[in-house]
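As a plain string of letters, each chain reads:
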Amino acid sequence: MAVADFFVSGSPDAGKAVVREALDSAGFTIEAQLPNGGWTVGRGSKWKTATLGALAGKKAQRLTFTVLFFDHQGTMVVRLERETGSGMMAGAVGVARSNDIFEETVAAVGNALYATGALVGSNRG
(Lines give C-alpha, C1' and ligand atoms only; values in the text may rest on other atoms or scores of the structure.)
Protein backbone atom coordinates (compact mmCIF):
# COMPACT_ATOMS: atom_id res chain seq x y z
CA MET A 1 0.00 0.00 0.00
CA ALA A 2 1.28 3.46 -0.89
CA VAL A 3 0.57 6.13 1.73
CA ALA A 4 1.26 9.86 1.94
CA ASP A 5 0.36 11.94 5.00
CA PHE A 6 0.11 15.73 5.03
CA PHE A 7 -0.10 17.64 8.31
CA VAL A 8 -2.28 20.72 7.82
CA SER A 9 -2.78 23.77 10.02
CA GLY A 10 -5.84 25.98 10.07
CA SER A 11 -9.45 25.17 9.39
CA PRO A 12 -10.13 21.54 8.48
CA ASP A 13 -12.82 22.69 6.03
CA ALA A 14 -10.34 25.01 4.29
CA GLY A 15 -7.76 22.21 4.13
CA LYS A 16 -10.30 19.80 2.64
CA ALA A 17 -11.28 22.40 0.05
CA VAL A 18 -7.64 22.76 -1.05
CA VAL A 19 -7.29 18.97 -1.30
CA ARG A 20 -10.52 18.70 -3.27
CA GLU A 21 -9.39 21.38 -5.72
CA ALA A 22 -6.00 19.69 -6.22
CA LEU A 23 -7.72 16.36 -6.88
CA ASP A 24 -10.15 18.00 -9.31
CA SER A 25 -7.19 19.53 -11.17
CA ALA A 26 -5.64 16.05 -11.43
CA GLY A 27 -8.86 14.71 -12.97
CA PHE A 28 -10.16 12.91 -9.87
CA THR A 29 -13.71 13.18 -8.55
CA ILE A 30 -15.10 12.21 -5.19
CA GLU A 31 -17.05 9.03 -5.85
CA ALA A 32 -18.02 8.13 -2.29
CA GLN A 33 -18.10 9.74 1.12
CA LEU A 34 -16.79 7.26 3.67
CA PRO A 35 -18.44 6.84 7.11
CA ASN A 36 -15.28 8.25 8.77
CA GLY A 37 -15.49 11.45 6.69
CA GLY A 38 -12.93 10.39 4.09
CA TRP A 39 -13.43 10.02 0.38
CA THR A 40 -13.00 7.42 -2.31
CA VAL A 41 -11.74 9.27 -5.38
CA GLY A 42 -11.44 8.01 -8.92
CA ARG A 43 -10.87 8.87 -12.53
CA GLY A 44 -10.90 7.09 -15.86
CA SER A 45 -13.15 4.48 -17.40
CA LYS A 46 -13.65 0.93 -16.12
CA TRP A 47 -14.92 -0.11 -19.54
CA LYS A 48 -11.96 1.32 -21.47
CA THR A 49 -9.48 -0.11 -18.98
CA ALA A 50 -11.08 -3.57 -19.05
CA THR A 51 -11.40 -3.55 -22.83
CA LEU A 52 -8.17 -1.87 -23.90
CA GLY A 53 -5.89 -2.56 -20.92
CA ALA A 54 -2.74 -0.46 -21.04
CA LEU A 55 -3.83 0.91 -24.42
CA ALA A 56 -6.57 2.87 -22.63
CA GLY A 57 -3.94 5.51 -21.96
CA LYS A 58 -3.04 7.64 -18.99
CA LYS A 59 -6.23 9.74 -18.92
CA ALA A 60 -8.68 6.88 -19.51
CA GLN A 61 -7.12 4.21 -17.27
CA ARG A 62 -9.37 3.57 -14.28
CA LEU A 63 -7.74 4.54 -10.98
CA THR A 64 -9.13 4.88 -7.48
CA PHE A 65 -7.70 5.64 -4.08
CA THR A 66 -8.77 6.77 -0.63
CA VAL A 67 -8.37 10.15 1.04
CA LEU A 68 -8.72 10.12 4.82
CA PHE A 69 -8.89 13.02 7.26
CA PHE A 70 -8.11 12.70 10.94
CA ASP A 71 -6.70 14.61 13.89
CA HIS A 72 -3.20 14.03 15.27
CA GLN A 73 -2.43 16.05 18.39
CA GLY A 74 -4.57 18.97 17.24
CA THR A 75 -3.34 18.98 13.64
CA MET A 76 -5.42 17.73 10.74
CA VAL A 77 -3.84 14.90 8.79
CA VAL A 78 -4.74 14.28 5.16
CA ARG A 79 -3.82 10.73 4.12
CA LEU A 80 -3.79 9.52 0.53
CA GLU A 81 -3.78 5.72 0.23
CA ARG A 82 -3.48 3.52 -2.84
CA GLU A 83 -3.78 -0.25 -2.69
CA THR A 84 -0.81 -2.32 -3.83
CA GLY A 85 -1.47 -3.61 -7.34
CA SER A 86 -3.80 -0.73 -8.20
CA GLY A 87 -4.05 -0.50 -11.99
CA MET A 88 -3.79 -4.28 -12.40
CA MET A 89 -6.70 -4.31 -14.84
CA ALA A 90 -4.32 -2.68 -17.34
CA GLY A 91 -1.52 -5.19 -16.70
CA ALA A 92 2.07 -4.41 -15.71
CA VAL A 93 2.05 -1.16 -17.67
CA GLY A 94 -1.14 -0.17 -15.86
CA VAL A 95 0.38 -0.84 -12.44
CA ALA A 96 3.44 1.25 -13.28
CA ARG A 97 1.23 4.03 -14.67
CA SER A 98 -0.94 3.86 -11.54
CA ASN A 99 2.17 4.33 -9.39
CA ASP A 100 3.24 7.35 -11.46
CA ILE A 101 -0.19 8.96 -11.36
CA PHE A 102 -0.46 8.45 -7.60
CA GLU A 103 2.94 10.12 -7.12
CA GLU A 104 1.90 13.02 -9.38
CA THR A 105 -1.31 13.41 -7.39
CA VAL A 106 0.52 13.31 -4.06
CA ALA A 107 2.84 16.06 -5.34
CA ALA A 108 -0.12 18.14 -6.56
CA VAL A 109 -1.89 17.91 -3.20
CA GLY A 110 1.31 18.70 -1.29
CA ASN A 111 2.10 21.67 -3.53
CA ALA A 112 -1.44 23.03 -3.20
CA LEU A 113 -1.33 22.81 0.59
CA TYR A 114 2.13 24.37 0.64
CA ALA A 115 0.99 27.25 -1.58
CA THR A 116 -1.73 28.16 0.95
CA GLY A 117 0.75 28.11 3.84
CA ALA A 118 -1.25 25.37 5.56
CA LEU A 119 1.25 22.51 5.11
CA VAL A 120 3.25 21.99 8.30
CA GLY A 121 4.77 18.62 7.45
CA SER A 122 4.45 15.39 5.51
CA ASN A 123 5.33 11.75 5.85
CA ARG A 124 5.54 8.86 3.39
CA GLY A 125 4.71 5.36 4.46
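What comes next concerns the included structure. (Residues numbered from 1 in each chain as written. Predicted model: local features only at pLDDT ≥ 70, side-chain atom pairs only at ≥ 80, totals over all residues. Heavy atoms only, no water.)

1. Some words on the pattern of salt bridges
Considering all chains together, one arrives at three salt bridges under this definition. We note a salt bridge from arginine 62 to glutamate 31, for which the minimum N-O separation is 2.7 Å. Of the two residues, arginine 62 is situated in the loop between helix H2 (46–52) and strand S4 (63–72) and glutamate 31 in strand S2 (residues 29–33); the sequence distance between them amounts to 31 residues. Taking relative accessible area as the criterion, arginine 62 reaches 14% and is therefore assigned buried. Glutamate 31 sits in the partly exposed class, given a relative accessible area of 40%. A salt bridge links arginine 124 to glutamate 103, with the shortest nitrogen-to-oxygen separation between them at 2.8 Å. Separated by 21 residues along the polypeptide, arginine 124 in strand S6 (residues 119–124) and glutamate 103 in helix H3 (residues 91–116) bring together distant segments of the chain. On the basis of relative accessibility, which here comes to 43%, the residue arginine 124 falls in the partly exposed class. Judged by relative accessible area, which is 37%, glutamate 103 ranks as partly exposed. (Salt bridge = Lys/Arg side-chain N within 4 Å of Asp/Glu carboxyl O. Helix = DSSP H or I, 4+ residues; strand = E, 2+ residues; numbered from the N terminus. Buried < 20%, exposed > 50% of the residue type's maximum accessible area, 1.4 Å probe, protein only.)

2. What to know about the nonpolar core
Judged by nonpolar contacts, the single largest core of 25 residues is most densely connected at Phe6, Leu23, Val67, Val78 and Leu80. For this core, the secondary structure elements donating two or more residues are strand S1 (2–8), helix H1 (12–25), strand S3 (39–43), S4, strand S5 (75–82) and H3. By residue number, the principal contributor to this core is H3, which donates five residues. Ignoring sequence-local partners within four residues, the contact set of phenylalanine 6 consists of Met76, Val77, Val78, Leu80, Val106, Val109, Gly110, Leu113, Leu119, Gly121 and Ser122. (Core = buried A, V, L, I, M, F, W, Y, C linked by side-chain atoms within 4.5 Å. Contact = heavy atoms within 4.5 Å.)

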